[in-house]
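Residue-level listing of the chains:
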Amino acid sequence: MAIDQYPTPMLDQLEEGPWPSFISGIKRLRDQHPEQRINEVTNSLLGQLEHSYETRKGYWKGGTVSVYGYGGGIIPRFSEVGKAFPESKEFHTLRVQPPAGNHYSTGMLRQLADSWEKWGSGLVTFHGQTGNIMFIGTNTANTQHFFDEINDYGWDLGGAGPCVRTAMSCVGAARCEMSCTNEQKAHRLLVNNFTDDVHRPALPYKFKFKVSGCPNDCQNAIERADFAVIGTWRDDMKVNQDEWKAYVGRKGRQHTIDNIISRCPTNALSLKDDDSLEVNNKDCVRCMHCLNVVPKALHPGDDRGVTILIGGKRTLKIGDLMGTVVVPFKKLDTEEDWESLVELAEEIIDFWAENALEHERCGEMIERIGLVNFLEGVGVEVDPNMVNHPRECSYIRMDGWDDEAVKWFDRQAEAS
Amino acid sequence: MAKEMREPIETGCPDPFQYMHPVMRRNFGLWAYHEHPRPGVLLHVAKNGDKVWTIRVGTQRILDVFTLRTLCDIGDTYGEGYVHFTIRSNIEYMVTDEAKVDPLIKAIEDAGFIVGGTQNSVTMISHTQGWLHCDIPGTDASGVVKSMMDELIDEFKQANMPNRVHITTSCCQINCGGQGDIAINVQHTKPPKINHDLVANVCERPSVVARCPVAAIRPAMVNGKPSLEVDEKKCICCGACFPPCPPMQINDAEHTKLAIWVGGNHSNARGKPTFQKLVAAGIPNNPPRWPEATAIVKRILKAYKEGARDWERINEWIERIGWPRFFEEVELPFTKYHIDNWRGARKSLNSSAYIRF
Ligand code: HEM
Ligand code: SF4
Ligand code: SF4
Ligand code: SF4
Ligand code: SF4
């Protein structure tokens, strides 16, 4: 049935050019979808969006919508110009947790598409920056129907609001030779341990887990996660000298020196006269550069584990913060190792939940109370890997120095 | 009667093995090395000799179910029925037979999608919601990205930058889009306009006050009603007060501008991760194609491509040539707004005799 289409002269210009156009996609739903509800919703959406383009303003506001039993996971959207564009006046997004590492079969994608066109607008994003599949655009009643349907075949909502958020992990061990840990296991163990905190927002603010299998940090965990897990190793890097020499032979010594040897941030590499590579593993900080350049010859060592950094986040409220190293190295081999990873996360979230101000991210709390108080709160000992350099400011009382020194030597003795 | 509500099944994050390509499942943790046979294609070789070719594809990110099914059809007919999505919303097809690579690429391109985004390319711009769905956006991230990718498409396809380039956009200063080698972010430049008649009904005042990063909001009585007021000298126009209090209108057709930041690099390779730095602001928010923003991005990319050495990311290139030369090369003004001015800002000031001429 023909519907009255809102004119979209500005949006039409976004159909020009070679890159695929999201506007053409929305128009296909408006013009070709067999279901009139979808034609009308997307027509209305295009009308509002054109209005935004004309007036250079957004017209959505939030509200409260959730599915039965949960408190979050949905981004409610109500239109401020719903009178003019009534069919999309309720246009909520469901945040759905993707499988760890973002793997899909086409069969499953089709099943999700079927459910979404039954109950929603037919628009979906793989994935939002927080990591969720974002099913964009449904009304309050259909939110519940859609959730029930996909929940029956294995999908669950992610977080929105002050809660543990959907986690992210890199493709890692599934297809990457640099992987130093089992990313999907770390991802699922961590976030699924906090399912209740994902679905019922009751924390001071959001808390994000992200897992990258090596210091390349493809998931941007250090900058964006409250709890970043980064795979690494502590024994010697593996060097296949034959592959290395083949590379030098192909590219030449000057290229090798300019692009690899002299780019090592800690001068840990040396090109020998016979074209072999010498690595001073004591100096290597596992930055990944040389491994990235010659992935056929250089690989992480065998004694693998993870580094954990706490408190990364984007701008609001005190500006961007990088995560801070809190656990320089942790083995993740035995079931006990994995359990203790989860326990550490519990310890940190509990401490933060008790001590943070409202709307204060974990990293902001650490800034306010100081790293040492945080470490004492969660029961982690200090380590020189936690700092770029020791303190510079001399304004400090050090009455407890002798006791602390004894602790350090005791710990050293215990470790050896 | 409403139908009976059932308790949700709280399964959380699904197990990926059920959806993972069998050759990846089989070789989980057992990969030996990878190669880059051509832009947009990766070859991973497992220790047992198994091989998988990955074809990376740029899409419009906001997918309609027709497009999603087209992508699935391609995956079933020319691929092997399994896909993976990257953090920047590219879709990847995996095949275990080299002979399938070319037909797959042809099918993808015939359907209007773009193969590329690997290695030293300008890969897909990661972006946020914008006018299509967020509640405080100053612009439409999807529109900016579509316009920009139209012009950067060759860089997506070719992979001949000095190193990879990650671009992000965010539709407000809160910057959900994340750090980028180049980040195009909206900057509100005027404090929120308050509709005092509505505040008392809609806003939980203490939580709005708590939201402000610079303590610019105070409770106040206006026209005999409880409301809020903003110290406009302090306000940095971040818009964070709008979500909990929509009567604090931050969106503004005139005073919403785009700003460009560079040098955010999340990898640890060669140097510790870095945050992005401001280079350009006051760029008109000019739908539907935002040509001014794209022109600056292209200038930065051109200077980087010509000036950087192999493996230098944008932040490393600038560190080497210095900021004075950077501003010269990209023909952008350096203003007082480029100088950080908060408590910790001295760390960003030059306290050496290192001067660039
Ligand atoms: C009610 C207001 C807000 C809404 C509706 C909202 C919505 C969103 C959405 C939809 C995304 C995913 C974006 C995408 O990928 O398309 C996102 C991500 C994000 N949001 Fe917000 N946002 C809000 C407020 C904030 C605030 C106040 C902050 C301040 C810290 C914030 C920080 C972030 C960050 C850092 C991300 C990216 C997360 C990541 O990189 O993992 N958001 N938000
Ligand atoms: S973070 Fe490391 S292990 Fe993970 S995909 Fe990237 S390079 Fe591979
Ligand atoms: S990984 Fe980085 S620090 Fe280690 S040797 Fe290679 S370039 Fe140097
Ligand atoms: S950047 Fe701002 S406007 Fe855009 S999604 Fe995030 S909070 Fe919304
Ligand atoms: S816009 Fe930001 S700085 Fe200004 S009053 Fe609102 S929260 Fe405070």
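Residues numbered from 1 in each chain as written. Chains lettered and ligands numbered in written order. Predicted model: local features only at pLDDT ≥ 70, side-chain atom pairs only at ≥ 80, totals over all residues. Heavy atoms only, no water.

### Some thoughts on the overall build of chain A
Right, so step 1: A count of helices and strands for chain A gives 15 helices and 16 strands.
Right, so step 2: Here the C-alpha coordinates of chain A stretch approximately 75 × 60 × 40 Å along the principal axes.
Right, so step 3: By the burial criterion, 57% of the 416 residues in chain A qualify as buried.
Right, so step 4: Taking the intrachain contacts of chain A between residues at least 6 apart in sequence as the baseline, contacts between residues at least 24 apart amount to 65%.
Right, so step 5: As displayed, chain A has an accessible area near 16700 Å², and 48% of this comes from carbon and sulfur atoms.
Right, so step 6: Taken as two groups, the 45 positive and 62 negative side-chain charges of chain A have centres that lie 5 Å from each other. (Helix = DSSP H or I, 4+ residues; strand = E, 2+ residues; numbered from the N terminus. Buried < 20%, exposed > 50% of the residue type's maximum accessible area, 1.4 Å probe, protein only. Contact = heavy atoms within 4.5 Å. Areas by Shrake-Rupley, 256 points an atom, 1.4 Å probe, with all protein chains shown as cover. Lys, Arg positive; Asp, Glu negative; His and termini not counted. Charge placed at Lys NZ, Arg CZ, Asp CG, Glu CD.)

### Re the interface of chain B and chain A
Right, so step 1: On the chain A side, the residues contacting the 116 residues of chain B number 116 residues.
Right, so step 2: Each partner contributes to the roughly 10600 Å² buried at the junction of chain B and chain A, and carbon and sulfur atoms together form 58% of this total.
Right, so step 3: On the chain B side of the interface with chain A, the three residues burying the most area are B:Tyr19, B:Trp131 and B:His133, jointly 7% of the side's total.
Right, so step 4: Viewed at the interface, chain A and chain B are joined by 9 salt bridges.
Right, so step 5: Among the salt bridges present, the one from B:Asp73 reaches A:Arg110, with a minimum N-O distance of 3.0 Å.
Right, so step 6: The interface formed by chain B and chain A includes 59 residue pairs in polar contact (both at pLDDT 80 or more).
Right, so step 7: For the side of chain B that touches chain A, the elements supplying multiple residues, two or more each, are β1 (31-38), β3 (51-58), β4 (62-64), α2 (65-77), β5 (82-85), β6 (91-95), α4 (141-158) and α6 (205-211) of chain B.
Right, so step 8: Residue contributions to the side of chain B that touches chain A peak at 9 residues, all from α2(B).
Right, so step 9: Looking at side-chain class alone, the side of chain B that touches chain A contains 52 nonpolar, 40 polar and 24 charged residues. (Buried area = accessible area lost by both parts, 1.4 Å probe. Salt bridge = Lys/Arg side-chain N within 4 Å of Asp/Glu carboxyl O. Polar contact = N/O pair within 3.5 Å; in protein donor to acceptor, adjacent residues only side chain to side chain. Nonpolar A, V, L, I, M, F, W, Y, C, P; charged D, E, K, R; others polar.)

### A few points about the site of ligand 2
Right, so step 1: In the vicinity of ligand 2, the contacting residues are A:Cys170, A:Val171, A:Gly172, A:Cys176, A:Ser179, A:Ser212, A:Gly213, A:Cys214, A:Asn216, A:Asp217 and A:Cys218.
Right, so step 2: Taken together, the residues that form the shell around ligand 2 break down as 5 nonpolar, 5 polar and 1 charged. (Near = heavy atom within 4 Å.)

### Some words on the pattern of salt bridges
Right, so step 1: Applying the stated criterion to the full structure yields 45 salt bridges over all chains.
Right, so step 2: For the salt bridge of A:Lys27 with A:Asp12, the shortest nitrogen-to-oxygen distance reads 2.5 Å. Taken together, the residues span a long stretch of sequence, with A:Lys27 in helix α2 (residues 22-32) and A:Asp12 in helix α1 (residues 9-12) at a distance of 15 residues.
Right, so step 3: A residue is classified by how much of its surface remains accessible, and A:Asp12, at 29% relative accessible area, is partly exposed.
Right, so step 4: Where B:Glu316 meets B:Arg270, a salt bridge forms, and the shortest distance between an N and an O atom there is 2.7 Å. Of this pair, B:Glu316 sits in helix α8 (residues 314-321) while B:Arg270 sits in the loop between β14 (256-262) and β15 (277-284), and the two are 46 residues apart along the sequence.
Right, so step 5: For B:Glu316, a relative accessible area of 15% puts it in the buried group.

### A short note on the state of the cysteines
Residue and element names in this part refer to chain B.
Right, so step 1: Counting across every chain of the model gives 1 disulfide over all chains.
Right, so step 2: Shown here is the disulfide that connects Cys203 with Cys245, its sulfur atoms set 2.2 Å apart. Since a negative S-S torsion denotes a left-handed disulfide, the Cys203-Cys245 link at about 75° is right-handed. On the criterion of sequence distance, the pair formed by Cys203 in the loop between α5 (196-202) and α6 and Cys245 in the loop between β12 (225-230) and β13 (248-249) is long-range, its members being 42 residues apart.
Right, so step 3: A relative accessible area of 0% places Cys245 in the buried class. (Disulfide = S-S within 2.5 Å.)

### A few points about the site of ligand 3
Residue and element names in this part refer to chain A.
Right, so step 1: Around ligand 3, a shell composed of 13 residues is seen, among which Cys264, Cys284, Cys287, Met288 and Cys290 lie nearest.
Right, so step 2: Sorting elements by how many residues they give to the shell around ligand 3 places helix α11 (residues 289-293) first, with 3 residues.
Right, so step 3: Class assignment of the residues belonging to the shell around ligand 3 gives a composition of 10 nonpolar, 2 polar and 1 charged.

### Thoughts on a negative patch on the surface
Residues and elements named next belong to chain A.
Right, so step 1: Taken together, the side chains of Glu336, Glu339, Glu343, Glu346, Glu347, Asp350 and Glu354 define an acidic patch exposed on the protein surface.
Right, so step 2: Relative to the elements of secondary structure, Glu343 occurs in helix α12 (residues 335-355).
Right, so step 3: Exposure remark for Glu343: the relative accessible area of 47% places this residue in the partly exposed category. (Patch = residues over 30% accessible without salt bridge, like charges linked within 9 Å, V, L, I, M, F, W, Y side chains within 5 Å.)

### Digging into the sheet that holds strand β2 (residues 74-75) of chain A
Right, so step 1: Within the open sheet, the 5 strands sit side by side as β2(A)-β4(A)-β7(A)-β6(A)-β4(B). Their pairing is antiparallel. Each edge of the sheet is formed by a strand with only one pairing partner; in this case those strands are β2 of chain A together with β4 of chain B.
Right, so step 2: Direction of pairing for strand β4 (residues 92-96) of chain A relative to strand β7 (residues 133-138) of chain A: antiparallel, over a ladder of 5 bridges. Counted as the bridge partner of A:Val96 is A:Ile133 from β7(A).
Right, so step 3: Helix α5 (residues 140-152) of chain A rests against β2, β4 and β7 of chain A of the sheet, and its axis sits at about 20° to β4(A).
Right, so step 4: Across the sheet, α2(B) lies against β6 (123-126) of chain A together with β4 of chain B, angled at about 85° from β4(B), the strand it touches most. (Pairing = 2+ DSSP bridges. Axes fitted to C-alpha atoms, helices over the stretch in contact; angles between N-to-C directions.)

### Regarding the environment of A:Ala113
Right, so step 1: Looking at where A:Ala113 falls in the secondary structure, it is placed in helix α4 (residues 106-119).
Right, so step 2: Residue classification places A:Ala113 among the buried positions, given a relative accessible area of 2%.
Right, so step 3: Separated by 22 residues in sequence, A:Ala113 and A:Phe135 have C-alpha atoms that sit 9.6 Å apart.
Right, so step 4: When residues no more than four places from it in sequence are discounted, the contact partners of A:Ala113 are B:Val65, B:Leu68 and B:Arg69.

### Focus on the sheet that holds strand β15 (residues 304-310) of chain A
Residue and element names in this part refer to chain A.
Right, so step 1: Overall, mixed pairing links the 5 strands, which are arranged β8-β9-β10-β15-β16 in an open sheet. Only two strands of the sheet have a single neighbouring strand rather than two, namely β8 (168-169) and β16 (324-330).
Right, so step 2: Pairing analysis gives 4 bridges linking strand β9 (residues 209-212) to strand β10 (residues 227-233), with the strands arranged parallel. The residue bridging Phe209 from the neighbouring strand is Phe227, located in β10.

### A closer look at the packing of helix α7 (residues 291-307) of chain B against α8(B)
Residue and element names in this part refer to chain B.
Right, so step 1: Two elements in contact, α7 and α8, have axes separated by 11 Å at closest approach and are oriented at 70°. Regarding the angle of α7 to α8, the classification is roughly perpendicular. The element α7 and its partner α8 pack so that their crossing is left-handed. Contact residues: Ile300, Ala303, Tyr304 and Gly307 in α7; Ile314, Trp317 and Arg320 in α8. (Parallel < 35°, antiparallel > 145°, perpendicular 65-115°, else oblique. Left-handed = near helix turned anticlockwise from the far one by under 90°.)

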